Amino acid sequence: MKYVIIGASAAGLACAEQIRKEDKNGEITVLSKEHYLPYSRPSISYYLKGAVKEKDMYLRKPSHYAGSRINIVTGAEVKAIDRAAKTVKAGRKAYPYDKLCICTGSKPFVPPMKNVSGKANAYTFLDLASTKAVKEKADGNTKAVVIGAGLIGMKAAEGLSKICKSVDVVELSPRILPSILDAKASVGVKKYVEKSGHIRFHLGDTVTEAESKGNRITSVILKSGKELKCDMLILAVGVRPETSLAESVGLEVNRGIVTDPATMQTSDKDIYAAGDCTVSVDMLDGSKKVIALYPNAVFQGTAAGSHMAGGDIKLGGTYSVNAIDFYGLRICTCGLINAAGEQYGDKVIQSGDSYKRLIFEGNRLVGFVLINSSENAGIYTSLIENKTDISTLEGDVFETPSLFLFEKSVRSMKLKGETV
């Protein structure tokens, strides 16, 4: 059996390793357009600010791939898939497959801006190559402007603030981290970051054009009319699923690649897909969305690899969960943070830099935002994942969350993996 995987990040690696667990003899080829062995993408911001070294970013040692007989080909950008011949073309070489998995991830979304495209000091911040370029050029005299105050933009801004003279963050939304924080929590985090990181925010605004000298941007003009001096522009507005290959060969795509939610099989029985390029079904509200998270990519890659090799591992429920920190401020969020509708309610408590918000749908917990109060995140995540009826619990889920909320038999199962 010949297996080909396009993409060597979290989903691609998980897929390859699961195939090898279930098929000891199959030929596994992983094609990556990057020039690096699989590495942790979430660690690029820590690399930028000097908290980790490049050698510590790699997910496995080179000897692991040789020992597992997983052939990773770097610098191999796939340009075409021939479904009839069952081959994948990268460069001048065609790779035959019996089973194929597309793990092409996501690509930066760059909004239309005048005089920005192609400038030497405009960078994205999504992979190791772009981060290396930023790190090489940034110094103590650099005035950096980051477009986007989502997760990618905020981590880029934090890293740059350790290096640069100034960092301005421009965000179209009226608040920072809009996808993972509610409005009230966002205000507190913004104040903390401004105080700790000396970052200036320009919310409810956007860059419309850039002034330049030669091939370098010297300043950017905002919709509001503000002009910001700029030696380095980071384009971190967001990402979009990389679906061009799938679309080019007629696979079903609706924002992301459409797959069977349990097996990750696409509309072609011999082609699977996993990771940020796919559409997921949110187990909490049934909506179809792109859930671009590292754990989700690993789970999807594992399920895809299992079914490609004839196994039966099925993808469990999928939902959004994030655990990040900014300047020591620990943020954990999960589930339906921005749920809207009469069926939802919430409870909030705030003290100093600590903030706790639980979101409920009837007697079920469906989301939380924990800032500097994440010690009970595991309990809350379990309640969400298992769709627990909180009216059956022995205590107050908001005030005193612990395993003692659960019946004895449930506590035993969670602690020991057995029932009493």
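Not measured: the values here are computed from a predicted model.

Trainee: Which residues make up the sheet that holds strand β6 (residues 93-96), and what values do they have?
Mentor: Taking strand neighbours across the sheet as the criterion, the three strands line up as β4-β5-β6 in an open arrangement whose pairing is antiparallel. Every other strand in the sheet has two partners, leaving β4 (78-82) and β6 as the edge strands with one partner each. Taking each pair of neighbouring strands and ignoring which way they run, the sheet shows an average axis angle of 25°. Across four bridges, β4 lies against strand β5 (residues 87-90) in antiparallel orientation. Considered in β5, the bridge of D82 is made with T87.

Trainee: Explain the nonpolar core residue by residue, including any values.
Mentor: The tendency in soluble globular proteins is for nonpolar side chains to be buried side by side. Among the nonpolar cores identified, the biggest contains 43 residues, and L160, V167, L181, V189, I234 and I371 are the most heavily contacted of them. In this view, I234 contacts Y123, F125, V134, V145, V146, I147, A156 and L160; residues no more than four positions away in its chain are not counted.

Trainee: Kindly report on helix α4 (residues 128-137), identifying the contributing residues and their values.
Mentor: Because the α-helix completes a turn every 3.6 residues, residues three or four places apart line up on one side. The set of residues buried in α4 consists of L128, S130, T131 and V134. Along the long axis of α4, the arc covered by the buried residues comes to 160°, so they all point the same way. Residues of α4 that are buried sit in contact with α2 (44-48), β9 (122-124), α5 (151-161) and β16 (232-235).

Trainee: Now, about the side chain of K99: what can you tell me, with residues and values included?
Mentor: Its place among the elements puts K99 in strand β7 (residues 99-102). Polar side-chain contacts of K99 include one of 2.7 Å to the side chain of D270. K99 has contacts with M1, K2, Y3, V4, K269, D270, Y272 and M308, leaving out every residue within four places of it along the chain.

Trainee: If you had to explain the packing of helix α1 (residues 10-22) against helix α8 (residues 294-308) to someone new, which residues and values would you point to?
Mentor: Their axes nearest at 7 Å, the elements α1 and α8 cross at an angle of 35°. Like other packed secondary-structure pairs, α1 and α8 cross with a definite hand, here right-handed. Every residue of α8 that contacts α1 at A10, A11, A14, C15, Q18, I19 and E22 is listed here: Y294, A297, V298, G301, T302, A304, G305, S306 and M308. Of the residues in the contact of α1 with α8, the class split is 10 nonpolar, five polar and one charged.

Trainee: Residues and numbers for the pattern of salt bridges, please.
Mentor: Tallied over the full model, the rule gives 19 salt bridges. K86 is paired through a salt bridge with D270; the nearest N and O atoms lie 3.1 Å apart. Placement of the pair is K86 in the loop between β4 and β5 and D270 in the loop between β19 (256-257) and β20 (271-273), with a sequence separation of 184 residues. On the basis of relative accessible area, K86 is assigned to the partly exposed category, the value being 24%. For R357, the salt bridge goes to D346, with nearest N and O atoms at 2.8 Å. Of this pair, R357 sits in strand β26 (residues 354-361) while D346 sits in strand β25 (residues 344-351); the two residues are 11 residues apart in sequence, bridging distant segments of the chain. The structure contains a network of salt bridges with shared partners spanning K86, K99, K269 and D270.

Parameters at a glance
Counting of residues starts from 1 at the beginning of each chain's written sequence and follows it residue by residue. Two thresholds apply to this predicted model, a pLDDT of at least 70 for residue-level local features and 80 or more for giving and counting side-chain atom pairs, whereas whole-chain, interface and lining totals are computed over all residues. Based on all heavy atoms of the structure, the side-chain values leave hydrogens and waters out of the count. DSSP-based pairing: two strands are paired if at least 2 bridges between them are found. Helix and strand assignments follow DSSP, with helices taken as H or I runs no shorter than four residues and strands as E runs no shorter than two, numbered in order from the N terminus. Each axis is a line fitted through C-alpha atoms, and for a helix only the stretch in contact is used; angles between axes span 0 to 180 degrees, taken between their N-to-C directions. By nonpolar core is meant a set of buried Ala, Val, Leu, Ile, Met, Phe, Trp, Tyr and Cys residues that side-chain atoms within 4.5 Å join together. To sort residues, take the accessible area from a 1.4 Å probe on protein chains only and compare it with the maximum for the residue type: under 20% means buried, over 50% means exposed, and anything in between is partly exposed. Only heavy atoms enter the contact rule, under which two residues are in contact if any of them lie within 4.5 Å. Working note: the arc is built from the helix axis to C-beta atom directions. Polar contact criterion, stated in full: a pair of N or O atoms within 3.5 Å, where within protein one must be able to donate a hydrogen and the other to accept it, and residues adjacent in sequence count only if both atoms are side-chain atoms. Definitions for this section: a left-handed crossing has its near helix turned counterclockwise from the far helix by less than a right angle. A right-handed crossing has that turn clockwise. Gly is placed with the polar residues, together with every amino acid not listed as nonpolar (Ala, Val, Leu, Ile, Met, Phe, Trp, Tyr, Cys and Pro) or charged (Asp, Glu, Lys and Arg). Here, a salt bridge means any Lys or Arg side-chain nitrogen found within 4 Å of an Asp or Glu carboxyl oxygen.

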